[in-house]
Amino acid sequence: MCCCNSIVVLLTLVLNCCYGYKVLAVFPMPGKSHSILGEGYVRHLLAAGHEVTYITPFPVKDPPSRLRQVDISENFAFMRNILDVRKFMSKELDIQNYFLVHNVMNSMLYDTYRMPVIQKFINDPKEQYDAVVVEWLYSELSAGFSSVFNCPFIWASSMIPHTAVLSLIDGHVNPAYSVDHLSRDYTTTFWDRLYHWYYITKLSYQRWSERDTYNDQFKNVFGEAITRRGHKLPQFDDVIYNGSLMLGNSHPATGDNVALPENYKHIGGYHIKDVIEPLPKDLQKLMDESKDGVIYFSMGSMLKSSEIPDDIKNGLLEVFGVLKQTVIWKLEQVIPNVPKNVHVVTWAPQQSILAHPNCVLFITHGGLLSIMETLNTGVPIIGMPFFADQYLNIARASAKGFGMRLDLDEKAPEKLRVAIKNMVENPSYRQSARKFSAIFKDNIASPGQQLAYWVEYVIRTQGAFHLRSPALQTSWYKKLSLDIFLVLLLGVILSFKLCKSLLVVIKNGSGHKKKTA
Ligand SMILES: *[C@@H]1O[C@H](CO)[C@@H](O)[C@H](O)[C@H]1NC(C)=O
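Residues numbered from 1 in each chain as written. Predicted model: local features only at pLDDT ≥ 70, side-chain atom pairs only at ≥ 80, totals over all residues. Heavy atoms only, no water.

## As for the sheet that holds strand S10 (residues 342-345)
- Read from one edge to the other, the open sheet built from six strands follows the order S10-S9-S8-S11-S12-S13, with strand pairing classed as parallel. Because the sheet does not close on itself, it has two edges, and the strands there are S10 and strand S13 (403-405). The sheet shows a mean angle of 15° between the axes of neighbouring strands, taken without regard to direction. (Pairing = 2+ DSSP bridges. Helix = DSSP H or I, 4+ residues; strand = E, 2+ residues; numbered from the N terminus. Axes fitted to C-alpha atoms, helices over the stretch in contact; angles between N-to-C directions.)

Structure follows, in structure tokens:
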């Protein structure tokens, strides 16, 4: 029996070692939440028995044996101090503009990939991969790694599917019933649709008109490595539309249910570990003893709550101070005059706090990872959005009945007082949160298992060409049926003209008859 078991274990080990693939995961964004997404890929691919090389500005300590890391943390220098709470509040910084964000990200990636550490890596002939996973973040440049290793690549998309990513594997969304991911309003009025349409047109035009620039950047970064390995240098325009699959940090419980191509797969929730870690002793005790419930307040990892202006911070403390609930506030600084029921922490185990049965409300910036974690545990939210998709994440939570939006401005403390009372006393928010939590967790296989399955699937099917959308090969005027409309229009005009001439002929004919009669 014992011997049998060891044979099984041995066999599994041997099989794993022989059938494990080599996967390169490229998550170059120097932002904490993006490294959480990258680490999710690494964790699940390792668990499935593969070897992973991880390009990241946040290398993990003591990596397991099948993980190698390429440390690009020098690229923090290219992104210094872009995200600042005060700049968002004063509207000095507006990154709801795709083209602005695109320029920042594209040049950040261009600089990152020309760093010696990356050049050495791609020019090393010993580096060989079966597949590359690249995060899409407002630039397509990372797709170039697939040309170096001559292998299929998979887009990792961090947001609810939107037109800028879907157009890389299929076509644009229909503005009639979809809202763009950077919109602040969750509506499709005439003006919203006009703007969305304008954005789609401008995006298509920009990708087309700038294609030579992108091709030059691709050649400068990857050209030498590609030709050295004896591969033909492709046109970058052909590379970016060559993604085998897109794995999205999205879930039907969070999105708008727009039609998706066969090679888009939802894996939202994969960053959440199967077993939530226990709380540290002091927090466990605090939460256990908070019989009236706990409100958890955190602005995520990219923004610092310490940058909230002092008068607003004091206003918030006053509001919190009169609550019967305990408030756990993640703040990166020590502040004076903290009321007794407010517990300020510089670091918080968010998932463990949300999972505690006494947690009744989450006040969040509305980042998608936080939304998924709140769905995982069924806690309603008050959302204070600052940038990117946060507005819509919160709007969607409101529409689904488990969230409420509140802007962080001078009036925030007073509005928050009303909102907290409403959220805590009205059970419908909690009920909706539980309902959508059940949907979020009802999956055919865990998101992490699906992630590993689809990466293996792409390798097994040599690029999953059978899943690709015909829309990529179709001209834009055909997709808009412009040629058909044109022919129909001509047909109508010609028939009209013909009828008119016929009428004239008949009239003249009968008139002539009358005269002669
Ligand atoms: C597209 O991907 C396939 C593998 O998935 C690869 O063989 C081919 O060379 C790629 N073409 C371009 C232009 O990148």
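Right, picking up where we left off after that structure.
## Some details on the pattern of salt bridges
- For the structure shown, the criterion picks out 14 salt bridges.
- One salt bridge in this structure joins Glu 140 and Arg 207, with 3.4 Å as the shortest N-O distance. Taken together, the positions of Glu 140 in the loop between strand S4 (131-136) and helix H6 (144-149) and Arg 207 in helix H8 (residues 190-209) put the pair 67 residues apart, joining distant regions of the chain.
- Given the relative accessible area of 5%, Glu 140 is considered buried.
- The class of Arg 207 is buried, set by a relative accessible area of 7%. (Salt bridge = Lys/Arg side-chain N within 4 Å of Asp/Glu carboxyl O. Buried < 20%, exposed > 50% of the residue type's maximum accessible area, 1.4 Å probe, protein only.)

## Considering the packing of helix H12 (residues 310-321) against helix H16 (residues 412-425)
- At their nearest, the axes of H12 and H16 sit 9 Å apart, and the two run at 25° to each other. In terms of axis orientation, H12 runs roughly parallel to H16. You can see that H12 and H16 cross each other, and the crossing is right-handed. Contact residues: H12 offers Ile 312, Gly 315, Leu 316, Val 319 and Phe 320, while H16 offers Pro 413, Leu 416, Arg 417 and Ile 420.
- Across the contact of H12 with H16, the residue classes tally to seven nonpolar, one polar and one charged. (Parallel < 35°, antiparallel > 145°, perpendicular 65-115°, else oblique. Left-handed = near helix turned anticlockwise from the far one by under 90°. Contact = heavy atoms within 4.5 Å. Nonpolar A, V, L, I, M, F, W, Y, C, P; charged D, E, K, R; others polar.)

## Thoughts on the site of the ligand
- The environment of the ligand is made up of Pro 152, Pro 234, Asp 238, Val 239, Asn 242, Gly 463, Phe 465 and Arg 468.
- Take Asn 242: an N or O atom from its side chain is 2.4 Å from an oxygen atom of the ligand.
- Expressed as a share of its isolated accessible area of 360 Å², the protein-covered part of the ligand is 65%.
- Residues of the shell around the ligand, tallied by class, amount to four nonpolar, two polar and two charged. (Near = heavy atom within 4 Å. Polar contact = N/O pair within 3.5 Å; in protein donor to acceptor, adjacent residues only side chain to side chain. Areas by Shrake-Rupley, 256 points an atom, 1.4 Å probe, with all protein chains shown as cover.)

## Let's talk about the packing of helix H4 (residues 98-113) against helix H9 (residues 211-228)
- Relative orientation of the contacting elements H4 and H9 amounts to 25°, with a least axis distance of 9 Å. With respect to H9, the element H4 is oriented roughly parallel. As H4 runs across H9, the sense of the crossing is left-handed. Across from His 102, Asn 106, Tyr 110 and Tyr 113 in H4, the residues of H9 making contact are Tyr 214, Gln 217, Asn 220, Val 221 and Phe 222.
- For the contact of H4 with H9, a count of residues per class yields five nonpolar, four polar and no charged.

## Describing the nonpolar core
- Among the nonpolar cores identified, the biggest contains 87 residues, and Phe 145, Phe 149, Phe 222 and Phe 320 are the most heavily contacted of them.
- The leading source of residues in this core is H4, at eight residues.
- Mapped onto the domain boundaries, this core takes at least three residues apiece from domain 1 (17-272 + 446-468) and domain 2 (281-441).
- If you look at the next biggest cluster of nonpolar residues, it comprises 28 residues, including Tyr 41, Leu 46, Tyr 270 and Leu 467. (Core = buried A, V, L, I, M, F, W, Y, C linked by side-chain atoms within 4.5 Å. Domains from an automatic or database assignment.)

## Structural notes on empty space enclosed by the protein
- One pass over the structure, following the stated rule, counts six cavities of 30 Å³ or more.
- Taken as a whole, the largest cavity encloses approximately 60 Å³ of empty space.
- At the level of secondary structure, the elements contributing two or more residues to the lining of the largest cavity comprise helix H14 (368-377) and helix H15 (390-399).
- Residue composition of the lining of the largest cavity, by class: seven nonpolar, two polar and two charged.
- Two domains each put at least three residues into the lining of the largest cavity: domain 1 (17-272 + 446-468) and domain 2 (281-441). (1 Å grid on protein atoms, 1.4 Å probe; cavity = no way out; pocket = protein on both sides within 12 Å on 5 of 7 lines; lining within 4 Å. Points joined across faces, edges and corners; volume = space filled by probe spheres on them.)

## Focus on unusual backbone geometry
- At Asn 337, a position not held by glycine, the phi torsion is positive, near 55°.
- Residue placement: Asn 337 occurs in the loop between strand S9 (326-330) and S10.
- Accessibility expressed as a relative area gives 72% for Asn 337, which makes it exposed.
- Positive phi, close to 50°, is recorded for Gln 462, a residue that is not glycine.
- Counting through the fold element by element, Gln 462 comes out in the loop between helix H18 (447-460) and helix H19 (476-479).
- Taking the relative accessible area as the measure of exposure, Gln 462 reaches 63% and is therefore exposed.

## Description of the pairing of strand S5 (residues 153-157)
- Across the five residues that make up S5, a large majority, five, are buried.
- Judged by which residues are buried, S5 turns out to be covered on both faces: Phe 153, Trp 155 and Ser 157 on one side and Ile 154 and Ala 156 on the other are all buried.
- Strand direction decides the pairing type here: S4 and S5, joined by five bridges, are parallel. Note on S5: the bridge partner recorded for Val 133 is Ile 154.
- Since S4 and S5 lie parallel, the crossover through H6 that links them has a hand, and here it is right-handed.
- By the bridge criterion, four bridges tie S5 to strand S6 (residues 245-248) in an arrangement that is parallel. (Right-handed = clockwise from strand over helix to strand, strands pointing away.)

## Here we look at the layout of surface pockets
- Each pocket or cavity is described by its volume, and for the second largest pocket that value is around 1200 Å³.
- Looking at the second largest pocket, it is lined by 29 residues, and the ones nearest its centre are His 172, Ser 204, Thr 474, Trp 476 and Lys 479.
- No other element matches the eight residues that H8 contributes to the lining of the second largest pocket.
- Its residues assigned to classes, the lining of the second largest pocket shows 16 nonpolar, eight polar and five charged.

## Here's the deal with the UniProt feature "transmembrane region" (unreviewed entry) in the protein
- Under the feature "transmembrane region" (unreviewed entry), the UniProt entry names residues 484-506.
- Annotation note: span residues 484-506, helix share 100%, strand share 0%, distance between end C-alpha atoms 32 Å. (UniProt positions renumbered as here; feature names shortened; annotations may be inferred.)

## Details of the environment of Gly 144
- Turning to its location among the elements, Gly 144 is positioned in helix H6.
- Owing to a relative accessible area of 0%, Gly 144 belongs among the buried residues under this scheme.
- When the C-alpha positions of Gly 144 and Pro 234 are compared, they lie 9.7 Å apart, and in sequence the two are 90 residues distant.
- Excluding its chain neighbours within four sequence positions, the residues that come into contact with Gly 144 are Phe 218, Phe 222 and Phe 236.

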